[in-house]
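# Structure at a glance
Each chain is listed here by its residues.
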Amino acid sequence: MKTTHLQGIGRISAKQVKDLVPGDVVMWNYGYKSTILRTLPTPTGKMYNVVMEAQDTGKVSVRRLGAERLMGIAR
């Protein structure tokens, strides 16, 4: 099981960005959560454009993240 450490939270389970699927809820430092809406790989597959919606504000944004980056998963 992969894990990552988040500030204000501690160690939690994690997934690589390339393994995220729509509906996954990722957790950021201090407990902020976002729901994954879509993941789009770049032509090389090294980076992903991840469309996500913030659970507290409802704002939809796109972040460019490395395919191997570990993201904390909210349970």
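Notes on the structure follow. Quantities reported herein were computed from a predicted structural model and do not represent experimental measurements.

On to the nonpolar core, then. Counting 12 residues, the largest nonpolar core is built from Val17, Leu20, Val26, Trp28, Ile36, Tyr48, Val50, Met52, Leu65, Ala67, Met71 and Ile73. Among the secondary structure elements, those contributing two or more residues to this core are β5 (47-54) and β7 (70-73). When residues in this core are grouped by element, the largest group, 3 residues, is from β5. In terms of nonpolar packing, the next biggest core, distinct from the first, is built from 5 residues, Leu6, Ile12, Met27 and Ala74 among them.

This next bit is on the side chain of Ser13. Assignment of secondary structure puts Ser13 in strand β2 (residues 10-16). Setting aside anything within four residues of it in sequence, one finds Ser13 in contact with Met1, Lys2, Thr3, Met71, Gly72, Ile73 and Arg75.

Further remarks concern the pairing of β2. The element β2 is largely enclosed, with a buried count of 5 among its 7 residues. Bridge analysis of strand β1 (residues 3-6) against β2 gives 4 bridges, and the strand direction is antiparallel. Bridge assignment links Leu6 to a residue of β2, and that residue is Gly10. As consecutive antiparallel partners, β1 and β2 are separated by 3 residues, and within that stretch Gly8 has a phi angle of approximately 80 degrees, a positive value.

Right, let's talk about the pairing of strand β6 (residues 60-66) for a bit. On a regular strand, one side chain projects to one face of the sheet and the next to the other, so that they alternate. As defined by bridge partners, β5 adjoins β6 across 7 bridges and the pair is classed as antiparallel. Residue pairing for β6: Asn49 is matched across the bridge by Arg64. Hairpin connection, β5 to β6: the antiparallel pair is bridged by 5 residues, and Gly58 has positive phi, about 80 degrees.

Calculation notes
- Residues numbered from 1 in each chain as written.
- Predicted model: local features only at pLDDT ≥ 70, side-chain atom pairs only at ≥ 80, totals over all residues.
- Heavy atoms only, no water.
- Core = buried A, V, L, I, M, F, W, Y, C linked by side-chain atoms within 4.5 Å.
- Buried < 20%, exposed > 50% of the residue type's maximum accessible area, 1.4 Å probe, protein only.
- Helix = DSSP H or I, 4+ residues; strand = E, 2+ residues; numbered from the N terminus.
- Contact = heavy atoms within 4.5 Å.
- Pairing = 2+ DSSP bridges.

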